[in-house]
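Structure assessment
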Amino acid sequence: MKIKQVFFIIPFILSPLFSFGQQKVSYKQTIQAEKWSVVDISFKARKSPKQPLDAVFGAIFNHEDGEKMDVAGFYNGNNEYVIRFSPEKEGKWYFKSYSSESSLTEKKGLLTVVPNQDKEQHGPIVISESNQQKFEYADGTPYFLLAFELDWLFALDWNNKNDIPKTRTLINEVEQHGFNQVVMNVYAYDATWGRKEIDPETNFAKPAVFPFKGSNEDPDYSSLNIEFFQHLDRVIAHLNEKGMISHLMIYVWNKEVNWPEAYSAEDNRYFDYVVKRYQAYPNIMWDISKEALGYGHDDIDYITNRIERLKKLESHRRLVSVHDYHYCSTFPEKVDYISIQSWVPNIYDKMLEAKEQHADKPIFNIEHGGYEQTMHVVFEGAYTDPIVCLDRNYKCVFAGSYTTYYWHNTSWYEVVINPFELPEENQPFFRYYKYMADLFKKYNFTSLEPAQKGFGTYALSDREDVHLFYLPFGLNKINGHREELKGKTVQVTWFDPLTGEYLEGPSKKMESAWTSFAKPKGLQNSIAVGILEVIN
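Definitions and limits used
- Residues numbered from 1 in each chain as written.
- Predicted model: local features only at pLDDT ≥ 70, side-chain atom pairs only at ≥ 80, totals over all residues.
- Heavy atoms only, no water.
- Helix = DSSP H or I, 4+ residues; strand = E, 2+ residues; numbered from the N terminus.
- Rg over C-alpha atoms; globule rule 2.2 N^0.38 Å.
- Buried < 20%, exposed > 50% of the residue type's maximum accessible area, 1.4 Å probe, protein only.
- Contact = heavy atoms within 4.5 Å.
- Areas by Shrake-Rupley, 256 points an atom, 1.4 Å probe, with all protein chains shown as cover.
- Lys, Arg positive; Asp, Glu negative; His and termini not counted.
- Charge placed at Lys NZ, Arg CZ, Asp CG, Glu CD.
- Phe/Tyr/Trp six-rings, centres within 6.5 Å; stacked < 30°, edge-to-face > 60°.
- Lys NZ or Arg CZ within 6 Å of the ring centre and 35° of its normal.
- Pairing = 2+ DSSP bridges.
- Axes fitted to C-alpha atoms, helices over the stretch in contact; angles between N-to-C directions.
- Disulfide = S-S within 2.5 Å.

**What to know about the overall build of the chain**
Scanning the chain for helices and strands turns up nine helices and 32 strands. What you see for the chain is a C-alpha radius of gyration of 25 Å, in line with the 24 Å of a compact globule of 536 residues. Counting only C-alpha atoms and orienting by the principal axes, one finds that the chain spans roughly 80 × 55 × 45 Å. Scored against the burial criterion, the 536 residues of the chain give a buried share of 60%. If you take every contact in the chain between residues at least 6 apart in sequence, the share linking residues at least 24 apart comes to 71%. When the accessible area of the chain is evaluated, it comes to approximately 21100 Å², of which 47% is carbon and sulfur surface. The chain carries 58 positive and 73 negative side-chain charges, and their two centres are separated by 5 Å.

Okay, structure coming up:
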């Protein structure tokens, strides 16, 4: 999925002009942009205000059908102010700027939005209209969320002002292996755990970059580091081009960041700036903070304040959640989807319970204690074996929820850019998740619901023609009653989660509701998915 970012430049010191690519035309002429593209409209102030970050600035966009959007702009350094807009509707959009600075106000323009030409571009993630517990793209295409934790993604190329080669290399591997969302921090500094004697080439702890002036050790909260955010733009835009959602955590409390005091002017300035700068990207899903109520940094009122502040400022309506199940389950009306962090052994039961409790929200297990280990342990999680981690992910999915993958050598400050250049015994098992993603493209996850009933294993079903059963280690048969199959002929297929291979089994006329199928011999000592499809 490629999304073109279009830049319009309006230097109002001279005559008002747009810049579209290399072509400059009068703002009175029609400028075209594609639906769901990212459009930057840039204004040059005559002089810099005392505190340029605090200047009121934005534009009202009016669609020809009467729809209105008030889009807040942001300061981009060197007296430049930008309105970042993503049109989600075709047709003519007329805009007019407003500002506390006279040279930036009452500037008019016109955008004509045409269909997006990229067949893989489906728009931002929304809640499915047909099933409120499922995600989909804005055009109705199903979205099977499969996330990859990359806390230090912002830091991989922080010292390269022109390119992001490390970011591109790693994200290509992530995307090629079926992941379609990156859980990331705006900023992280260090962690108190793990080995520090790692290869300096892969150690991104204590980055010499900071979103504020000064440094993390000696912060100057009076202003923001615009270059930091210009670099983060390149990262978010690249994810956008790759069709990867940025699950963007605005804060993180357990990564040693020296944040300004909660509710202070400096805190609000940072928070608002992040929202204004990134709201237009179609690939944004907001998260207020990682482990939001942990570590004594804030309380429930603060998180509520941040959510309400975001929704008031954010005009593109990107989805928002909080990395804290206590908050999400106590105040579900405040979030768009429920995030859970739980290491419990019976993860399936936990996820199913959450699904039943929150019938109108998607459930996302953002951290289930499975941290796949290869070279060494960075973080002492509860589960590190690759297949055990995979098993926990399948149990989350078969409970009807979405899930996240962690690898020790990318999830935290140690980030291996080329994981498949490691010795084979140290390489991660990303491929398992490519197979999972492909399985739920073939069998649309949006149409499937947990249907274990009296079965001896985990089940998903569309309640009619498709029935999937996950068999963990030690379980070698599908056994149980399925009344809707009685009298029908089903085709049995087995899926190997470790190879991605399908093995076609027999077809069978179901004379009764009792369903019993044994794993094929080659899968007896492995995990497996059994698939029953009604053929007549």
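After that view, the rundown keeps rolling.
**What about the packing of aromatic side chains?**
Evaluated as defined, the whole model comprises 61 aromatic pairs. With 5.6 Å between their ring centres and 75° between their planes, Tyr187 and Phe210 make a pair best called edge-to-face. You can see Tyr187 sitting in the loop between strand 15 (181-185) and strand 16 (212-214) and its partner Phe210 sitting in the loop between strand 15 and strand 16, a full 23 residues away along the chain. As far as burial versus exposure is concerned, Tyr187 and Phe210 are alike and both buried. Considering the side-chain rings of Tyr251 and Trp259, the 5.2 Å spacing of their centres and the 80° angle between planes classify their relative orientation as edge-to-face. Each member of the pair Tyr251 and Trp259 is classed as buried. The cationic tip of Lys134 hangs over the ring face of Phe445; the distance from NZ or CZ to the ring centre is 4.4 Å.

**What about the environment of Gly77?**
Residue placement: Gly77 occurs in the loop between strand 8 (74-75) and strand 9 (80-85). Once the C-alpha coordinates of Gly77 and Leu485 are considered, the two residues, 408 residues apart in sequence, prove to be 65 Å apart.

**Topic: the sheet that holds strand 14 (residues 146-149)**
Reading across the sheet, the seven strands line up as 20-19-18-15-14-24-23 and stay open at both edges, with parallel pairing between neighbours. What marks the edges here is a single partner per strand, and that holds for strand 20 (320-321) and strand 23 (371-372). For strand 14 and strand 15, the ladder comprises three bridges, and the chain directions are parallel. By the bridge assignment for strand 15, Glu149 is matched with Val183. Its contacts with the sheet put helix 3 (residues 265-278) on strand 18 (245-252) and strand 19 (284-290), and the angle it makes with strand 18 is roughly 175°.

**Details of the environment of Ser100**
Along the chain, Ser100 falls in the loop between strand 10 (91-99) and strand 11 (108-114). Distance from Ser100 to Asn305, taken between C-alpha atoms, is 25 Å for residues 205 residues apart in sequence.

**Structural notes on the sheet that holds strand 4 (residues 31-34)**
Within a beta sheet, neighbouring strands are joined by backbone hydrogen bonds and run either parallel or antiparallel to one another. If you trace the five strands from one edge of the open sheet to the other, you get 4-11-10-6-7, paired in mixed fashion. For this open sheet the edge positions go to strand 4 and strand 7 (68-72), each flanked by a neighbour on one side alone. Neighbour to neighbour, the strand axes of the sheet diverge by 30° on average, direction disregarded. Judged from the five bridges that link them, strand 6 (residues 57-63) and strand 7 form a sheet pairing that is antiparallel. Each residue of the ladder has a partner; that of Asn62, found in strand 7, is Lys68.

**A look at the side chain of Glu484**
Within the secondary structure layout, Glu484 lies in the loop between strand 28 (477-481) and strand 29 (489-495). What Glu484 contacts, discounting residues up to four positions off in sequence, is Lys453, Ser461, Arg463 and His467.

**Some words on the state of the cysteines**
The final tally for this structure, using the stated rule, is zero disulfides. Cys389 carries a free sulfur, and the closest cysteine sulfur to it, the one in Cys396, is 11 Å from it. By relative accessible area, which is 0% here, Cys396 ends up buried.

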